[in-house]
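# Chain and residue survey
If you want the building blocks of each chain, they are given just below.
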Amino acid sequence: MPLSEEEQRQFEQLERALAAEDPKFVSAMRGTNVRLYYKRRAVLAGVGFVLGIAVLMTGAIIPNTIIGVVGFVMMVACLYIAALSMKRISNAGEADDIPPPPPTKRHRTKHDSSGSFMERMEDRWRRRRDEDL
């Protein structure tokens, strides 16, 4: 829903006041690109992954298990961060200029997946038994 004229005027006034108060912050916020941020994060995770391999190999060459485990954990963590960043890069292209859709109201029924597995099975059993009567 678009802003009313009064809301738009107030928003612009707040924006001007913020720009006058902290111009560095405003320029930093305008220069933020989501895709660039996640791309940089993925590259840094790749560098961390390579360093993790180096630490793992160091732990293997020097017979020290703890160093090897630290290298392995470092590799797994960097791989996880890189995978999340790549996923967000692909999602950021679609959602850069498009605002998120408004949440839809969904009426919850007693058959939603919110209950435990056994509760759902019991509900199904009761429905079948009631239908047979």
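Residues numbered from 1 in each chain as written. Predicted model: local features only at pLDDT ≥ 70, side-chain atom pairs only at ≥ 80, totals over all residues. Heavy atoms only, no water.

Within the chain, the secondary structure is distributed over 5 helices and 0 strands. The linear arrangement of helices and strands in the chain, starting from the amino end, is α-α-α-α-α. Within the chain, contacts between residues separated by at least 24 positions form 49% of all contacts whose residues are at least 6 apart in sequence. Counting only carbon and sulfur atoms, one obtains 63% of the accessible surface of the chain, whose full area is about 11,600 Å². (Helix = DSSP H or I, 4+ residues; strand = E, 2+ residues; numbered from the N terminus. Contact = heavy atoms within 4.5 Å. Areas by Shrake-Rupley, 256 points an atom, 1.4 Å probe, with all protein chains shown as cover.)

Secondary-structure assignment places Ser-85 in helix H4 (residues 65–95). Residue class for Ser-85 comes out buried when judged on its relative accessible area of 0%. Non-local contacts of Ser-85, meaning those with residues more than four positions away in its chain, are made with Tyr-38, Arg-41 and Ala-42. (Buried < 20%, exposed > 50% of the residue type's maximum accessible area, 1.4 Å probe, protein only.)

The next point concerns the pattern of salt bridges. For the coordinates displayed, the defined rule picks out 3 salt bridges. Two residues, Glu-6 and Arg-9, come together in a salt bridge whose shortest N-O distance is 2.6 Å. Remark: Arg-9 and Glu-6 occur in helix H1 (residues 5–21); sequence separation between them is 3 residues, near one turn of the helix. We note a salt bridge from Arg-126 to Glu-122, for which the minimum N-O separation is 3.6 Å. Placement of the pair is Arg-126 and Glu-122 together in helix H5 (residues 117–132), with a separation of 4 residues, close to one helical turn. Looking at Glu-122, the relative accessible area reads 38%, which means it is partly exposed. (Salt bridge = Lys/Arg side-chain N within 4 Å of Asp/Glu carboxyl O.)

A separate point is helix H3 (residues 34–61). With 28 residues, H3 ought to run about 40 Å at 1.5 Å a step, and its terminal C-alpha atoms sit 41 Å apart, in line with that. Within H3 the residues assigned to the buried category are Tyr-38, Ala-42, Ala-45, Gly-48, Gly-52 and Gly-59. (Expected span 1.5 Å × (residues − 1).)

Before going further, it helps to examine the confidence of the model for the chain. Of all residues in the chain, 77% have pLDDT values of 70 or greater, and the mean over the chain is 79. Of all the helices and strands in the chain, helix H2 (residues 23–30) carries the lowest mean pLDDT, 71, while H3 carries the highest, 91. Here residues 95–100 scores under 50 on pLDDT; set against residues more than four positions off or in separate chains, the count is 2 contacts. (pLDDT = per-residue confidence, 0-100.)

So, about the packing of aromatic side chains. Ring pairs (aromatic) are described by centroid distance and by the angle formed between their planes. A complete count under the given rule lists 1 aromatic pair for this structure. On the basis of an interplanar angle of 70 degrees and a centroid distance of 5.0 Å, the ring pair of Tyr-37 and Tyr-38 is categorised as edge-to-face. The exposure class assigned to Tyr-37 is partly exposed, which follows from its relative accessible area of 45%. (Phe/Tyr/Trp six-rings, centres within 6.5 Å; stacked < 30°, edge-to-face > 60°.)

It is worth spelling out a nonpolar patch on the surface at this point. Among the surface-exposed residues, Ile-53, Met-57, Ile-61 and Ile-62 lie close enough to one another that they form a single nonpolar patch of about 390 Å² accessible area. Checked against the element boundaries, Met-57 lands in helix H3. (Patch = residues over 30% accessible without salt bridge, like charges linked within 9 Å, V, L, I, M, F, W, Y side chains within 5 Å.)

It is worth spelling out the environment of Tyr-80 at this point. Within the fold, Tyr-80 resides in helix H4. Residues Tyr-80 and Phe-49, 31 residues apart in the sequence, show an inter-C-alpha distance of 10.0 Å.

Bringing the environment of Val-73 into the picture now. Note on placement: Val-73 falls in helix H4. Relative accessible area serves as the criterion here: at 48%, Val-73 is assigned to the partly exposed category. Residues Val-73 and Phe-49 lie 24 residues apart in sequence; the distance between their C-alpha atoms is 9.8 Å.

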